[in-house]
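Here is how the chains run, residue by residue.
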Amino acid sequence: MARNEKEESIHIGFREAITLIIPYLQKKLWSQIKSVFWIVLYLSLFQLIILRIPIKEASVIALGISAVVFGLTFFLEGLFLGLMPLGEALGLRLPQKLGMISIMVFSLLMGIGATLAEPAITILKASGSKVSPWEAPLLYYLLNDGAESLYRSIAFGVGISVVIGMLRFLYGFPLSKILIPTILFLLATSVYAQFDENLQFISGLAWDSGAVTTGPVTVPLVVALGIGISKVSEKNEQSSAYGVVTLASLFPILSVFIVGMYFSGKLPKPMSEESFFKTGIHLQESKLLLGEKLKTFHAKEKFQTQQISIQTKFQGISHKLYEAFLLAIRAILPLSIFLILFLYLILREKIPNPEEVQLGILFSIIGLTIFNFGIIFGLNKLGDQVGGKLPSTFRSIELTDSTKFIQNFNPKAVLKAVNEDGKEESFFYLKERKLYTGIPYHEENWNPKSKIYEYIPIHGPIFGKEDNLLGYIVVLLFAFFLGYSATLAEPALSALGNAVEETTVGTFRKSFLIQSVAIGVGIGTFIGMLKVLFELPLVWILVPIYLTLLVLNKFSKPEFIEIAWDSAGVTTGPITVPLVIAMGLGIGNQLGTVDGFGILACASAFPILSVLVTGLIVENSRKLSLNDMDSKTKS
């Protein structure tokens, strides 16, 4: 209906504007603080009380975590104001104005752009420094010099899945028709990769990549586009946008395997460190693997073990902040420009609320910059520290981040002692403040030229002798409660719970869904930790669990199938992903495990199982209630 009255603009003064904004900002900030606080508190208390190890660089980590909270608040607000309205407008207009091929091309490009803007994807690169180039050359390459190829492959995988998801919305075919062949093909690829020396080490990365892609940018944009398309599609009888998140987490797995197969033949096979530096690889292979680090690789390793001055640390922080800004610009601007140009030039539509969209894009860039910085110095450091110290519950570990460089060391201070077996051991006393501590002496740690003795403290085992069972149980329980509590903090799960309760008319309650998913993630994290601790091949876990899921699909209703598979996607948010990846790699490094990935893959698979089982129970209860009502009516 046309409006005759003239719209009047309302002028708000600076003080009134601040009065309105501050409560809103407090509410948003509190929401993010709640999602981070309990999991950070849990990790910190576990390290301080159970592991009995102080948190290194606690002030830097606190600053980083604060940056994560502020960054995520700004980023999500920017997403809500800028990118989401563009995605919804495009979803509504595309089917009305363009043909099928144009819609598919747009869906592909939007899927690629949204994935490259995901904050969690940069975490994979931050993990690259923890992998040895000689133990897993392909994994090392994909996380370092080949990271761009990895990102593009993941983004392309999401793009393809968005295309298929939109086709599904347009034609309304069931999710299981895509799900079953895709899962079977992925499992077959994983089994094949297990027999290849290089590919077997990227299985965890490939399956974890599926979890990384379903983050705060991709999910709302893809769902918004899908809802828009499903509203105007005559053939689609579905009332929801469930299922598209599942597809967005499956196809990247395949694309990572494909890019891994391409580079596998160009890189050396895994070997010992000695062989790698002496006779192991050809010049061409080393150029591809190490890139610019080819000549300085040894020097860099040595540098990392030396003390770093405060000035160097400050320069490093400034450089990381600049890198975080560049990453944010590269992630947000191309996607925003693409969506705006497509809406304006191709669809000939006006941008909805352009001032808000501009402000949203600016907020997204600022927020992602702060968030990326916080990930590096906050969550990543904390996860790495806790992960690296966890094995001290059952094994003696070296506290490499507590390494001491004793200046002007004199070997004449070295004394002799006798151990329980009657063998002589060398040691010396180190005076720190008023305390004298006995330090074991190892000749290889003494540098006569610099007169520096390098001492790495040893910690643990805390709960008994080496490899004691209680220590392993503590680590596994820690993993379960980490997965369980992190899932309860995910805001996306709460939103999914509301939608599920509404669409199932209250038969599948929100609290029931949240608990099912959280227990599933807890069990998955528990199993993933077992995989890292005992170096179990990931296919041993994924093949039986996914085959079980496909069988359960046969007995489940379509609405529960879509809810269950989408639940896996929403459990891996921007807080959980960096913590779990850093923790897995930290444990792997401490235990000498080559591949610390795979925990996220397990944490994504088991909630599907728990929700499908819960769905069967709910459906069975509903049938029993209906039968009971029928029998009462007849009687």
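Because the structure is a prediction, the values reported are computed rather than measured.

Conventions we followed
- Residues numbered from 1 in each chain as written.
- Predicted model: local features only at pLDDT ≥ 70, side-chain atom pairs only at ≥ 80, totals over all residues.
- Heavy atoms only, no water.
- Pairing = 2+ DSSP bridges.
- Helix = DSSP H or I, 4+ residues; strand = E, 2+ residues; numbered from the N terminus.
- Axes fitted to C-alpha atoms, helices over the stretch in contact; angles between N-to-C directions.
- Buried < 20%, exposed > 50% of the residue type's maximum accessible area, 1.4 Å probe, protein only.
- Core = buried A, V, L, I, M, F, W, Y, C linked by side-chain atoms within 4.5 Å.
- Parallel < 35°, antiparallel > 145°, perpendicular 65-115°, else oblique.
- Left-handed = near helix turned anticlockwise from the far one by under 90°.
- Salt bridge = Lys/Arg side-chain N within 4 Å of Asp/Glu carboxyl O.

### Here's the deal with the pairing of strand 3 (residues 415-418)
Bridging between strand 3 and strand 4 (residues 424-432) involves 4 bridges; their strand directions are antiparallel. Within strand 4, the residue paired with Lys416 across the bridge is Ser426.

### Some words on the sheet that holds strand 4
With antiparallel pairing, the 3 strands of this open sheet are ordered in space as 3-4-5. Each of the sheet's edge strands pairs with one partner strand only, and the pair in question is strand 3 and strand 5 (435-440). Between one strand axis and the next, the sheet turns through 45 degrees on average, direction left out of account.

### Structural notes on the sheet that holds strand 2 (residues 404-406)
Strand order in the open sheet formed by 3 strands is 2-7-6, with antiparallel pairing between adjacent strands. With one partner strand each, in any of the chains shown, strand 2 and strand 6 (446-447) form the two edges of the open sheet. Pairing between strand 6 and strand 7 (residues 452-455): 2 bridges, direction antiparallel. Counted as the bridge partner of Trp446 is Tyr453 from strand 7.

### Describing the environment of Val551
Residue placement: Val551 occurs in helix 19 (residues 538-555). For Val551, a relative accessible area of 48% gives the class partly exposed.

### Focus on the nonpolar core
Formed by 165 residues in total, the largest nonpolar core has its most connected members in Leu124, Trp207, Tyr546 and Trp565. The next biggest cluster of nonpolar side chains, apart from the first, holds 9 residues, and it includes Ile406, Phe409, Phe428 and Ile439.

### Observations regarding the packing of helix 2 (residues 58-97) against helix 15 (residues 354-389)
Across the interface, helix 2 lies against helix 15 with an axial gap of 5 Å and an inter-helix angle of 150 degrees. The angle between helix 2 and helix 15 falls in the class roughly antiparallel. For the pair helix 2 and helix 15, the sense of crossing is left-handed.

### Overview of the pattern of salt bridges
Here the structure, examined in full by the defined rule, presents 4 salt bridges. A salt bridge links Lys381 to Glu57; its shortest N-O distance comes to 3.1 Å. Of this pair, Lys381 sits in helix 15 while Glu57 sits in the loop between helix 1 (14-50) and helix 2; the two residues are 324 residues apart in sequence, bridging distant segments of the chain. With relative accessibility at 25%, the residue Lys381 sits in the partly exposed group. With a shortest N-O distance of 2.5 Å, Glu432 and Lys404 are connected by a salt bridge.

### Description of unusual backbone geometry
Phi at Asn408 takes a positive value of approximately 50 degrees, unusual for a residue other than glycine. Note that Asn408 resides in the loop between strand 2 and strand 3. We classify Asn408 as exposed; its relative accessible area is 64%. You will see that Asp467, though not glycine, has its phi angle at about 55 degrees, which is positive. The class for Asp467 is partly exposed, based on a relative accessible area of 40%.

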